[in-house]
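If you want the building blocks of each chain, they are given just below.
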Amino acid sequence: MSALFPVRLEAARATRRGKTLVGPIDLELAGQGTTVVIGPNGAGKTTFLSLLHGTARLGGGRIRWNCPTEEARHHQCFVFQQPVMLRRTVLQNLTFPLRMRGMARGPAEDKARTWAARVGLGGMLTRQAPVLSGGERQKLALARAMITEPQLMFLDEPCASLDGRAMREIEEILQEARAGGMRLILSTHDMGQARRLADEVLFLLHGKLHEHGRTPEFFTSPETPQARAFLQGDIVE
Amino acid sequence: MVDIWSGLVQAFWLVATLDAELLEIALRSLEVTLSALVIASLIALPLAAFLAVRRFRFRRTVIAVLNALMGLPPVVVGLVVYVLLSRAGPLGVLGLLFTPTAMVIAQVIILVPLIASVAHQSIRDLWQEYHDLLISMNVTQGQKIRTLLWDSRRALLTAALAGFGRGIGEVGAIMIVGGNIDHATRVLTTAIALETGKGNFALALALGFVLIALAIAVNLAIHALSRTEREGRW
Amino acid sequence: MKHLALTLALAAIGTAATAATAAETMKMAVTTSFHNSGLADVLLPQIAADLDLEVQLLVVGTGQAIRLGEAGDVDAILVHSRSAEETFVAAGHGTHRREIMYNDFVFIGPDTDPANIAEAPSAVEALQRIAATEAPFVSRGDDSGTHKKELSLWAEAGRDPAVLHDWYKPVGAGMGAALNTAAGMGAYIMSDRASWLNFGNTDGLALLFSGDPVLFNQYAYLPVDPARHAHVKHALALKLEDWLVSATAKELIDGYEIGGEALFVFNAEEQAQ
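Caption draft 1: Summary view of the interface of chain B and chain A. With 17 residues of chain B in contact, the opposing surface of chain A contributes 18 residues. For the chain B and chain A pair, buried surface summed over both sides reaches about 1,800 Å², with 60% attributable to carbon and sulfur atoms. Applying the counting criterion to the chain B and chain A interface returns two salt bridges. Measuring nitrogen to oxygen at the nearest pair gives 2.8 Å for the salt bridge that ties Glu129 of chain B to Arg87 of chain A. Inspection of the region where chain B meets chain A yields seven residue pairs in polar contact (both at pLDDT 80 or more). For the side of chain B that touches chain A, the secondary-structure elements that each account for two or more residues are helix 5 (100-136) and helix 6 (141-151) of chain B. In terms of residue count, the dominant contributor to the side of chain B that touches chain A is helix 5 of chain B (eight residues). Across the side of chain B that touches chain A, the residue classes tally to nine nonpolar, five polar and three charged.

Caption draft 2: Summary view of helix 1 (residues 2-16) of chain B. Residues and elements named next belong to chain B. Over its 15 residues, helix 1 extends 21 Å from the first C-alpha to the last, a length consistent with the 21 Å expected when each residue adds 1.5 Å. Regarding helix 1, the residues found buried are Gly7, Ala11 and Leu14. Across the axial projection of helix 1, the buried residues extend over an arc of 70°, all falling on one side. Of the exposed residues in helix 1, those oriented more than 90 degrees away from the buried face are Val2, Trp5, Phe12 and Trp13.

Caption draft 3: Representation of the sheet that holds strand 9 (residues 208-214) of chain A within the structure. All names here are of chain A. Spatially, 5-6-7-3-8-9 is the arrangement adopted by the six strands of the open sheet, whose pairing is mixed. With partners counted over all chains shown, the strands left at the sheet margins are strand 5 (76-79) and strand 9, one partner each. The average undirected angle you get between the axes of adjacent strands in this sheet is 15°. Note that strand 5 and strand 6 (residues 152-156) share four bridges and pair parallel. In the strand pairing of strand 6, Val79 is matched with Leu155. Sitting on the sheet, helix 9 (residues 225-232) is in contact with strand 3 (34-38), strand 8 (200-205) and strand 9, with an inclination near 100° to strand 8.

Caption draft 4: Seen up close, the interface of chain B and chain C. In this complex, chain B contributes 19 residues to the contact, which on the side of chain C involves 27 residues. Taken together, both faces of the contact between chain B and chain C bury some 1,900 Å²; the carbon and sulfur share is 65%. Summed over the three residues of chain B that lose the most area to chain C, namely Arg87, Phe98 and Lys198 of chain B, the buried surface amounts to 27% of that side. Applying the counting rule to chain B against chain C returns zero salt bridges. Linking chain B to chain C there are six residue pairs in polar contact (both at pLDDT 80 or more). Within the residue set of the side of chain B that touches chain C, elements represented by two or more residues are helix 2 (20-53) and helix 9 (188-198) of chain B. Looking at the side of chain B that touches chain C element by element, the count peaks at four residues for helix 9 of chain B. Taken together, the residues of the side of chain B that touches chain C break down into eleven nonpolar, five polar and three charged.

Caption draft 5: Quick peek at the domain arrangement of chain C. All names here are of chain C. Each assigned domain of chain C is listed with its residue range as follows: domain 1 (2-102 + 216-270) and domain 2 (104-215). Centre-to-centre, using C-alpha coordinates, domain 1 lies 27 Å away from domain 2. Contacts between the two partners involve 17 residues from domain 1, matched on the other side by 22 residues from domain 2. The shortest N-O distance in the salt bridge between Arg193 and Glu261 comes to 3.1 Å. Between the two partners, domain 1 and domain 2, sit six residue pairs in polar contact (both at pLDDT 80 or more). Counting only elements with at least two residues in the side of domain 1 that touches domain 2, the list comes to helix 2 (32-37), helix 4 (62-71), strand 9 (216-223) and strand 11 (261-262).

Thresholds applied
- Residues numbered from 1 in each chain as written.
- Chains lettered and ligands numbered in written order.
- Predicted model: local features only at pLDDT ≥ 70, side-chain atom pairs only at ≥ 80, totals over all residues.
- Heavy atoms only, no water.
- Contact = heavy atoms within 4.5 Å.
- Buried area = accessible area lost by both parts, 1.4 Å probe.
- Salt bridge = Lys/Arg side-chain N within 4 Å of Asp/Glu carboxyl O.
- Polar contact = N/O pair within 3.5 Å; in protein donor to acceptor, adjacent residues only side chain to side chain.
- Helix = DSSP H or I, 4+ residues; strand = E, 2+ residues; numbered from the N terminus.
- Nonpolar A, V, L, I, M, F, W, Y, C, P; charged D, E, K, R; others polar.
- Expected span 1.5 Å × (residues − 1).
- Buried < 20%, exposed > 50% of the residue type's maximum accessible area, 1.4 Å probe, protein only.
- Arc of directions from axis to C-beta.
- Pairing = 2+ DSSP bridges.
- Axes fitted to C-alpha atoms, helices over the stretch in contact; angles between N-to-C directions.
- Domains from an automatic or database assignment.

Here it is in structure tokens:
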């Protein structure tokens, strides 16, 4: 099934200028479902996702994918908290990753149209991407990420600045992707969203993996006091 | 004031009657500067993109030097090119001195730092925006450069037009390496210098007005062709 | 727009065509004084007709003309500075010098003539009067033939321009530009007659002194030595020289006038010196 998984982190650390931002973390992730990363601000959620994706520097330890490391990123994609809109049309944004991988223009545009329709941007293909609204941008970023049919998709706070309707639409797309076999690892502030989407939860605190549980057990009976406090809405230091 | 007015009148007549000499030197001005512009852009734009995306040890120094070279006096460039292309010089055998080709070479040297510096800044800003996405997508260095160049194309056009302005009004370098030879290397700016030196102010001004009009025409044409200022266009 | 494009296209073809008609070309460096006289516009077409030769003129100062000859970037030079020419030949850059014609220098100044040089008995005396009144004087200051002549006259007048201040103004420019400056500041200036007659900006200036034989200005033609620079078109340079000393040239040169005044006197001899 999945060439990427299982993935093993062994004392993996993200460092910058000698300072450890995240880790050391020991963890194994299997190839199914959705993993949600939660934790207070500054816990290192974004850095953790970047570390796994390979865009944050691995300062110590190992990350072992099931396939050679150089190939790993090829099967992954990342949706940023503030999605990056290329200064082109919606259609061209969608065809971009395909063209970068060598697909010809015709087939790429066909695929782009399909995906645009799937996320509800079908009528906006010729609009310039930078003028889209927040929700539209996020949907475009999502479609652009999924168009290459990655095995694993990272999402960093995908609905942070979206209204209810946009959030519902995004979550629907994510559930569809998950049903289709895509592995999702996302971070969120929204506990409701975490409950809705997660199969597995990683609770980060001060850059370390404080608790690792499955749903619904993690939410109903968290093991550590900090996790309990966090889920209750208390400030956790 | 008399000179300016009679200069305007003369300019009008020269253009209206399609004065043969005027056409010849105007065309040559365009030929030299546009050729130099194209060649300089082909060198400067990829260079600017490369400098924006590649991190290497002396990058900051290279960028600073590039910026500084914008202030290189064209006359100095002309002298250096003259010494190189002179028969007594290393490249003399090419026989390029006092030809439009030598003028193009000198102008390319003058324009590259200008176009590269202006372009580099815009490309750098865009790279900041695109950085995370392009790294995440694992695009190659070449693809990065091409994507940045294409998406900054309007800013790059501005850089190129800045280069055009510098080139079309340049006189020091092309005077030295071209020699201002009648029917061979005379262009608008060197003709203006010649007429000024002879005291023919009205004619010099007339040629100057034609030069300005030409520069405006070229800029308008480029803007029209690239349809800038249209709604929501990047 | 279409019409403009068509016209431009035709013009381009036209220029290309004219460029292709002359069978041979050579390059000659001439001084700005010579070019400003306008004589070249009379001689070049006749040369093209008689010899099927296009002479490309590089109009530069004497110093630069000599440099171009030394570097072999031109095939011949036409200048008016005897000592520089003799050095040029002695150093092996030129094969020989051939005198072609002379014109004269004149003193120009503000029409009020504060130094009263119009009444001076000689050129040297005129300069001494200017120095005595400390009237503003513009010098070419560019090592040209004209400039060197001016310096030699100051030397004879017992004055060293290097120590003259304030009123003596070297501008480092060609004749036209220097005349402009003189007009702008109401100064005296030594000019060749041709440049003066052709000069367009004569407000407030007048020709005040001329005729002293010491002011005669000899032009000479020097082919660049092919032994030094094998690529120079020596045969063409000699062909041009023969034409410049011919009866046709004599007629054109002696007959050339500006505003009814003759400028040059043809004085080439049968044999080269």
